[in-house]
Amino acid sequence: MEEPFPQLLPRLPTEILVTIFQHLPMSDLAQVRLTCHHWHDTVCYTNSLMDKFVLSFRNCRLYENCDQSRIMPKSKSCYTKATLKAVTIEDAPSLWSALGDNLHDLTLNDCSLTGLSMIQMLKATPNLRYFALKTTKFEDFHIRNVAVNFRLEKLETLTLRSIFVYDECFDLFKRICPRLKVLKLNYSSFEGWGEKLVQFVQSVRGTLEGINLSYTKVGAKLLQKISTIERLRLRKVSLKSSYDLKQRDIIQLSRMQPSIVHLNIDNLFPADDQILGEISRNLPNMKRIKLHICRVHNLQQSFLSNMQRLEYLKITDATHVAGNLDLSGYENIHLEKLYVSAATFSRNTLPRFFEKSPNIRSLTLYQCSYENIHDLQLSFAHLKSLEYLNLQRTFDIDDSFFSRTVFDSVNMPFERIRFFPVTNLTRLCYLNLSRCRDLSDETLVALSFARLKKIDLRGLNITDFGIRSLVRQCPRLEYVHVDACKRICDSAVLMLCRDLKQLKLLNLDGCRSISDASVDHILNHCRTLVWLNMMNCPLLSDEAKHRLESVKSIRSLYV
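Description of the structure in this document. (Residues numbered from 1 in each chain as written. Predicted model: local features only at pLDDT ≥ 70, side-chain atom pairs only at ≥ 80, totals over all residues. Heavy atoms only, no water.)

As for the overall build of the chain
Inclusion rule: For helices the rule is a DSSP run of H or I covering at least 4 residues; for strands it is a run of E covering at least 2, with both sets numbered from the N terminus onward. For the radius of gyration, the atom set is restricted to C-alpha positions; the globular benchmark scales as 2.2 Å times the number of residues to the power 0.38. Categorising residues by exposure relies on relative accessible area from a 1.4 Å probe, with only protein chains included: less than 20% of the type maximum marks a residue as buried, more than 50% marks it as exposed, and the intermediate range marks it as partly exposed. The contact criterion used throughout is that any non-hydrogen atoms of two residues lie within 4.5 Å. For the area figures, the Shrake-Rupley method with a 1.4 Å probe applies, and any residue is considered shielded solely by the protein chains shown.
Each helix and strand in the chain was counted, giving 19 helices and 26 strands. Radius of gyration (C-alpha) of the chain: 27 Å, near the 24 Å computed for a compact globule of 559 residues. Each principal axis of the C-alpha atoms in the chain carries an extent, and together these give about 85 × 80 × 50 Å. Expressed as a percentage of its 559 residues, the buried residues of the chain come to 50%. Considering only intrachain contacts with a sequence separation of at least 6, the fraction spanning at least 24 residues in the chain is 73%. As presented, the chain carries roughly 26400 Å² of accessible surface, and 48% of it is formed by carbon and sulfur atoms.

A few points about the environment of L452
The topology assignment puts L452 in the loop between α15 (441-446) and β22 (454-456). Here the alpha-carbon distance between L452 and C474, two residues 22 residues apart in the chain, equals 6.1 Å. With residues near it in sequence (within four places) discarded, L452 still touches L428, C429, Y430, L431, C474, R476 and L477.

Side note on the side chain of T80
Secondary-structure assignment places T80 in the loop between α5 (67-71) and β3 (81-85). Aside from chain neighbours lying at most four places away, what touches T80 is N47, M50, D51, N102, L103, H104 and D105.

Some details on the nonpolar core
The condition that has to hold: What makes a nonpolar core is a set of buried Ala, Val, Leu, Ile, Met, Phe, Trp, Tyr and Cys residues whose side-chain atoms join them at distances within 4.5 Å.
Counting residues in hydrophobic clusters, the biggest one holds 166 residues, and the most contacted among them are M118, F131, F173 and I467. Non-local contacts of I467, meaning those with residues more than four positions away in its chain, are made with L444, I462, V482, I488, A492, M495 and L496.

Here we look at the packing of aromatic side chains
Put simply, the rule is: Each aromatic pair joins two rings of Phe, Tyr and Trp (for Trp, the six-membered one) with centres within 6.5 Å, and gets the label stacked for planes under 30 degrees apart, edge-to-face for over 60, and tilted for any other angle.
Following the criterion strictly, the structure yields 12 aromatic pairs and no others. With a centroid separation of 6.4 Å and 80° between ring planes, the pair formed by F138 and Y166 is classed as edge-to-face. Remark: Y166 occurs in the loop between β9 (157-161) and α8 (167-176) and F138 occurs in strand β8 (residues 137-138); sequence separation between them is 28 residues. A ring pair is formed by F353 and F354, whose centres lie 5.0 Å apart and whose planes are at 55°; its orientation type is tilted. Comparing F353 with F354, the two get one shared label, buried. Three or more aromatic residues link up through ring pairs in this structure, and these residues are F138, F164 and Y166.

Structural notes on the pattern of salt bridges
The test is simple: The rule for a salt bridge is simple: a side-chain nitrogen of Lys or Arg has to be within 4 Å of a carboxyl oxygen of Asp or Glu.
Counted by the stated rule, this structure contains 18 salt bridges. For R255, the salt bridge identified is with E278, shortest N-O distance 2.4 Å. Residue R255 is found in helix α11 (residues 247-256), and its partner E278 is found in helix α12 (residues 273-282); the two are separated by 23 residues along the sequence. The partly exposed category is assigned to R255, whose relative accessible area is 47%. Across the pair R547 and D520 runs a salt bridge, and its minimum N-O distance is 2.9 Å. Of this pair, R547 sits in helix α19 (residues 542-549) while D520 sits in helix α18 (residues 516-525), placing them 27 residues apart in sequence. According to the relative accessible area criterion, R547 is partly exposed, its value standing at 29%. On the accessibility criterion, D520 (28% relative accessible area) is partly exposed. Each of the salt bridges in this network shares a partner with another, and the network as a whole consists of R151, E153 and R179.

As for the packing of α8 against helix α9 (residues 195-203)
Cut-off, in case you're wondering: Here an axis means a line fitted to C-alpha atoms, over the contact stretch when the element is a helix, while the angle between two N-to-C directions is reported on a 0 to 180 degree scale. We call two directions roughly parallel when the angle between them is under 35 degrees, roughly antiparallel when it is over 145, roughly perpendicular when it lies between 65 and 115, and oblique otherwise. Three residue categories are used. Nonpolar comprises Ala, Val, Leu, Ile, Met, Phe, Trp, Tyr, Cys and Pro, charged comprises Asp, Glu, Lys and Arg, and polar comprises the others, including Gly.
Closest axis-to-axis distance for the α8/α9 pair is 9 Å, and the angle between their directions is 10°. When the axis of α8 is compared with that of α9, the two are roughly parallel. Here D167, F170, D171, F173 and K174 of α8 come into contact with α9, specifically with K196, L197, Q199, F200 and S203. Classifying every residue of the contact of α8 with α9 gives four nonpolar, two polar and four charged.

Some details on the environment of D101
With respect to the helices, strands and loops of the structure, D101 is situated in the loop between α6 (93-99) and β5 (105-109). In this structure, the C-alpha to C-alpha distance between D101 and C78, residues 23 residues apart in sequence, is 9.1 Å. If we skip the residues at most four places from it in the chain, D101 touches A124, P126 and N127.

Here it is, written out as structure tokens:
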């Protein structure tokens, strides 16, 4: 008897589909759109789902009747984010009419256009919340006589990262950005001492909360003019590597803007106890601070005692004095992120500090040294919520650091304390062990993190034996850096590509033993890969590189 034709599955309501699709990554959503018309339309007409996609134009010219301006008006996709890189932008009203109302984020990177073209583009995108100009070349920016009859009422973040920002640019955005919250001018230069910049900040003082002047020529006069603007209440200020500023300028800023809760003065000047103490007294509500320290021997009795609400602390030690950094007396249950660079920790201080700050989720100890490396091992017993761990260039650790379970009877003669292995950090999602020169396959065998998504093993002496253990014990890995691992070969690439089902980023730069076989493994097994670096791999043929260039799903390729 012939079996009846199977009934089709009932069509799920759009609301249920949206709830299900919300949990999918962008790569899976792209496949969902190809399933059927209903699923395609559900994704394309739902802003929360389309927010995961970024419309990208690269190395092209946009003009009326170009391919993009003919295709986009017919597309059902409502993109909310767009990035243009190395694009020559001319008048293309059809294109911006199709995209404009939906765009919330727009970035121009290394593009070429005129001031008039930019005005017409912005007029067609009235719902922008984020707009960025990065290394953009203006062929002509004389817009003083151009009529501007629109405003970007929803724009909150403006980034102008350019070699030169015209005064006319500040005049333009002063007229069209009435509710700006964040202004980023990092890596930019501007005319004169910044008079037009001050006028711009003054025009948005009622809503402006953050300003980023890192890597700029900002001097004492400009910073004073900005900080003394009446009714300006800044919450976030970044002045990293703005070398014209002195200690007295930062103290003056802290006095005039006591509302600051995020302050970045990293790589500015080596701050000592006196300046840090005064800044902390002026900014009692500080939540995030990044700084360069000098001659701060007992931090728990200095500026940190005034910062009980601190959530993120970044310290770069400028002294390199053995045993200089002692955090043990600082107690802060709010601290979630700690970044320490180039410091030497005193003996028996780290465990006491982490015991008093048990809620740290992100820990970076970059190129740090320890009078007793066992202190770091003992510290993990107090960091059971840790999700992010960066031990880059920690030369004091070796393979035994990850597997040791013996008692330390030398340093702790009156207590028998068992070391807390790193592998007991069950919530860890990110691990950076790059350039830890004494680590090998034995470390990878000891690692077992069910939630780990990103790992950086750059420059380690590892082989396919260690990679086999890694992919078996950390099956959720999405980002893998094994660049400069000279013993990585084709079989290791096969295991990474075949066994890591969600692999999105693979860095093989400088892996000199891999050949065209690795390209075959990538093409045959990597369905989710979007970023790949295979530079400085001398055994790769030109033909294999061309095959990789034809893979459309790999959006960033370096060969």
